[in-house]
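# Structural features, examined
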Amino acid sequence: MNKPRKFPKPWTVAEVPGGFRNDDAEGKAVASTYGLDPRELPAAGHQRLTLDEARRIAANSAKLPKLLRASTKSLEDL
């Protein structure tokens, strides 16, 4: 069986056209979140994220490695 891939921390957020990308410490893309300018939403025809919502999701995603480590430590204390 293959070993699980590691995505070294810290993760960062980079702005890309139309959204944001999370990169690991080696610069590998971990996730992307896209959104629209609020003025473009009515023309999109259905529910889409705004750029601000996409930015907030990307910023919170970048915190996941730290949160998961803290969660694992608290489970070990039980």
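Use the structure listed above.
Residues numbered from 1 in each chain as written. Predicted model: local features only at pLDDT ≥ 70, side-chain atom pairs only at ≥ 80, totals over all residues. Heavy atoms only, no water.

Within the element layout of this structure, Asp 24 appears in the loop between strand E2 (19-23) and strand E3 (29-34). One buried charged residue, Asp 24, forms no salt bridge at all, with the nearest opposite charge on Lys 28 at 5.1 Å. In this structure the side chain of Asp 24 is engaged in a polar contact, spanning 2.9 Å, whose partner is the backbone nitrogen of Glu 26. When neighbours within four sequence positions are excluded, Asp 24 is seen to be in contact with Phe 7, Pro 8, Pro 10, Trp 11 and Val 30. (Helix = DSSP H or I, 4+ residues; strand = E, 2+ residues; numbered from the N terminus. Buried < 20%, exposed > 50% of the residue type's maximum accessible area, 1.4 Å probe, protein only. Lys, Arg positive; Asp, Glu negative; His and termini not counted. Salt bridge = Lys/Arg side-chain N within 4 Å of Asp/Glu carboxyl O. Polar contact = N/O pair within 3.5 Å; in protein donor to acceptor, adjacent residues only side chain to side chain. Contact = heavy atoms within 4.5 Å.)

Attention now goes to the sheet that holds E2. Spatial ordering of the open sheet is given by E1-E2-E3, a layout of 3 strands whose pairing is antiparallel. Each having just a single partner strand, strand E1 (12-16) and E3 make up the two edges of the open sheet. In this sheet, neighbouring strand axes are inclined to one another by 25 degrees on average, regardless of whether the strands run parallel or antiparallel. By the bridge criterion, 5 bridges tie E2 to E3 in an arrangement that is antiparallel. Bridging from a neighbouring strand, Gly 19 pairs with Tyr 34 of E3. Running at roughly 5 degrees to E2, helix H2 (residues 51-61) makes contact with E1, E2 and E3 of the sheet. (Pairing = 2+ DSSP bridges. Axes fitted to C-alpha atoms, helices over the stretch in contact; angles between N-to-C directions.)

In total, this model carries 5 salt bridges according to the counting rule given. Close ionic contact of Asp 37 with Arg 39 constitutes a salt bridge, the shortest N to O distance being 2.9 Å. Given a relative accessible area of 22%, Asp 37 falls into the partly exposed group. Asp 52 is paired through a salt bridge with Arg 56; the nearest N and O atoms lie 3.6 Å apart. In this pair, Asp 52 and Arg 56 both sit in helix H2, 4 residues apart, roughly one turn of the helix.

With that settled, consider a nonpolar patch on the surface. Together, Leu 64, Leu 67 and Leu 68 make up a nonpolar patch on the protein surface, roughly 280 Å² of accessible area in all. Relative to the elements of secondary structure, Leu 67 occurs in helix H3 (residues 64-76). (Patch = residues over 30% accessible without salt bridge, like charges linked within 9 Å, V, L, I, M, F, W, Y side chains within 5 Å. Areas by Shrake-Rupley, 256 points an atom, 1.4 Å probe, with all protein chains shown as cover.)

All right, on to the environment of Thr 12 then. Tracing the backbone shows Thr 12 in strand E1. Through-space distance from the C-alpha of Thr 12 to that of Asp 23 is 5.3 Å; in sequence the pair is 11 residues apart. Contact partners of Thr 12, with chain neighbours within four places excluded, come to Arg 21, Asn 22 and Asp 23.

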